Amino acid sequence: MLSGKNILIGITAGIAAYKSCELIRMFKRQNANVRVICTPNALNFVTKLTLQNLSQNEIGIEEFDVKDFKPEHISYADEADIMVICPATANTIGKVVNGICDNLLTSVISAFAKPIVFAPAMNTNMWNNVFVQENIQKLLKNPMYSIVEPDSGYLACGTEGKGRLASLDKIYQTTVEVLNSIPKKNGFLQGKKIVVTAGGTVEDIDPVRYISNYSSGKMGLALADYCNAQGADVVLITTKDIDATYKVVKVKSALDMLNAVNDEFESADYIFMAAAVADFRVKNTAGQKIKKTNDDEITLTLVKNPDILKDISSRKTHQIIVGFCAESENLLEYAKDKIKRKGCDFLVANDISRKDIGFSSDYNEVYLINKNLDTVKIDRQEKSKIASKIVEEVYAKTGCLQTCR
Ligand code: PMT
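Residues numbered from 1 in each chain as written. Predicted model: local features only at pLDDT ≥ 70, side-chain atom pairs only at ≥ 80, totals over all residues. Heavy atoms only, no water.

A. Structural detail: the packing of helix α1 (residues 19-29) against helix α8 (residues 168-180). Between α1 and α8, whose axes approach to 10 Å, the crossing angle comes to 45 degrees. Looking at the two axes, α1 sits oblique to α8. As α1 packs across α8, the resulting crossing turns out to be right-handed. Residues Lys19, Glu22, Leu23, Met26 and Phe27 of α1 form the contact with α8, whose own contacting residues are Leu168, Asp169, Ile171, Tyr172 and Thr175. (Axes fitted to C-alpha atoms, helices over the stretch in contact; angles between N-to-C directions. Helix = DSSP H or I, 4+ residues; strand = E, 2+ residues; numbered from the N terminus. Parallel < 35°, antiparallel > 145°, perpendicular 65-115°, else oblique. Left-handed = near helix turned anticlockwise from the far one by under 90°. Contact = heavy atoms within 4.5 Å.)

B. Geometry of the sheet that holds strand β13 (residues 247-250). Taken in spatial order, the eight strands of this open sheet run β13-β12-β9-β14-β17-β18-β19-β20, and their pairing is mixed. Among the strands making up the open sheet, the edge pair consists of β13 and β20 (375-382). Mean inter-strand twist for the sheet, computed between neighbouring axes without regard to direction, equals 15 degrees. The pairing of strand β18 (residues 346-351) with strand β19 (residues 363-370) spans five bridges and is antiparallel. In the strand pairing of β19, Asn350 is matched with Val366. Those strands touched by helix α9 (residues 218-229) are β9 (193-198), β12 (233-238), β14 (270-273), β17 (320-327) and β19, and its axis lies near 165 degrees from that of β9. (Pairing = 2+ DSSP bridges.)

C. Region of the structure containing the nonpolar core. Counting residues in hydrophobic clusters, the biggest one holds 35 residues, and the most contacted among them are Ile7, Ile9, Leu23, Phe27, Val36, Leu51 and Ile171. Of all the secondary structure elements, the ones that give two or more residues to this core are β1 (6-11), α1, β2 (33-38), β4 (82-88), β5 (116-120) and α8. In terms of residue count, α8 provides more of this core than any other element does, six residues in total. Ignoring sequence-local partners within four residues, the contact set of Phe27 consists of Leu2, Ile7, Ile9, Ala32, Val34, Val84, Tyr172 and Thr175. In terms of nonpolar packing, the next biggest core, distinct from the first, is built from 30 residues, Ile194, Leu223, Cys227 and Ala387 among them. (Core = buried A, V, L, I, M, F, W, Y, C linked by side-chain atoms within 4.5 Å. Buried < 20%, exposed > 50% of the residue type's maximum accessible area, 1.4 Å probe, protein only.)

D. Region of the structure containing empty space enclosed by the protein. Counting across every chain of the model gives one cavity of 30 Å³ or more. Of the pockets and cavities examined, the largest cavity occupies roughly 60 Å³. Surrounding the largest cavity, Asn6, Ile7, Leu8, Asn33, Arg35, Tyr76, Glu79 and Ala80 form its lining. Counting only elements with at least two residues in the lining of the largest cavity, the list comes to β1, β2 and α3 (72-79). Top contributing element to the lining of the largest cavity by residue count: β1, with three residues. Classifying every residue of the lining of the largest cavity gives four nonpolar, two polar and two charged. (1 Å grid on protein atoms, 1.4 Å probe; cavity = no way out; pocket = protein on both sides within 12 Å on 5 of 7 lines; lining within 4 Å. Points joined across faces, edges and corners; volume = space filled by probe spheres on them. Nonpolar A, V, L, I, M, F, W, Y, C, P; charged D, E, K, R; others polar.)

E. Structural context of the site of the ligand. Taken together, 29 residues sit near the ligand, with Ser215, Ser216, Lys338, Asn350 and Ser360 positioned nearest. The separation between an oxygen atom of the ligand and a polar main-chain atom of Lys218 is 3.3 Å. Ala274 has a polar backbone atom sitting 2.9 Å from a nitrogen atom of the ligand. With the chains in place, 96% of the 770 Å² that the ligand exposes on its own is no longer accessible. The cavity that encloses the ligand is the second largest pocket. When contributions to the shell around the ligand are tallied by element, the ones reaching two or more residues are α9, α11 (308-315), β17 and α12 (331-342). Top element by residues in the shell around the ligand is β17. It accounts for four residues. The residue inventory of the shell around the ligand, partitioned by class, reads 15 nonpolar, eight polar and six charged. (Near = heavy atom within 4 Å. Polar contact = N/O pair within 3.5 Å; in protein donor to acceptor, adjacent residues only side chain to side chain. Areas by Shrake-Rupley, 256 points an atom, 1.4 Å probe, with all protein chains shown as cover. Sits in = over half its atoms within 2 Å of the grid points.)

F. α12, seen in detail. With 12 residues, α12 ought to run about 16 Å at 1.5 Å a step, and its terminal C-alpha atoms sit 16 Å apart, in line with that. Within α12, burial applies to Leu331, Ala335, Lys338, Ile339 and Lys342. Considered in projection along α12, the buried side chains sweep an arc of 100 degrees and stay on one side of the axis. Counted as exposed and oriented over 90 degrees from the buried face of α12: Glu333 and Lys340. Buried residues along α12 sit against α11, β17, β18 and β19. Just past α12, the residue Gly343 takes up positive phi, approximately 80 degrees. (Expected span 1.5 Å × (residues − 1). Arc of directions from axis to C-beta.)

Shape descriptors only; they carry no functional weight alone.
Listed below in structure tokens is the structure:
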């Protein structure tokens, strides 16, 4: 799974350092190449020999251990795809956010322009210390940095609280997710601009109430992540709060989404419309909270929202447009009718009456339909895999069109 990946593990001086030994094994089992740098004090908790044996590589400790013409910290930073600092002590985090490079590890971190996953572990009072918390917030200012927050529980110092190293599974999983989100240098979508919509639009009734739907934005996010990993220039237009390394445009209503799609439309090569857009909005949104009266009924008048998919499909020049279709019955029949009415190039149909796929689930099962109504079924699996299959299938049918234009 991690074959060909170069993972650089940084170990700092905390009691949780012994757990990093198992983390090395987890990465090695998946065929990653693992190198390790320790702060000098970390060797009070784990031995160099153990780390050397587990990683099957020499361990970096001293800064001026120059082996070739390149300074050691630059060589380490060049080679790795990702760094994982496990455990990350308050001391090392403090140095990193202040640009202090007083040992090999802090120097490499500073010279590393690729993603770093920090797994802090420390005593609860240290974790809660206002300055440590400020430093954690500062870490997050670097978009390349992720933090796997410590767990709460029994700590080695005999107290209970937050500060225990997060589970190794969580640290491993985060590392894999971050690695997967790094654009591939030779991805097949290099040079393509891809716009993806995601999430359910929110149509205000008054300042406290709204009409929306159950879309979590996961399907759209999976598409955007996959396109990004394949080297595309991605714009994700979503109603959800998302942190990503690519461009994210946060919108609320269908009208906002229409404007955002229009802004990106001309220069897009592919547009995936996975958002669940409200077909109607409230005609007169109340400026103040609607008061309860003695009436047992209230009437809201709804007006039609613009159909974004239909609109852009009617104006398209070179763009390949992929709509989605959420149905609770007669899936294929309604989807085939919808692709004709909307005029898009492809339609991805999913059954949103099923609890094990569709809205909010991590899984989906879809049919990809083209204009000739040829249909490919993509069996139930994680949305990340569904996304890769949709993109690959669409690209296989249209890539030449796009490349040759
Ligand atoms: O977000 P998740 O929880 O991961 O769930 C994923 C999903 C079920 C929302 C997704 O897979 C999906 O089916 N998205 C489309 C939902 C939808 O609005 O379907 P629809 O059949 O009502 O609309 C058809 C297409 O027209 C969609 O591409 C939609 O974005 C678009 N549309 C709809 C209405 C409108 N006014 N403008 C539009 O552009």
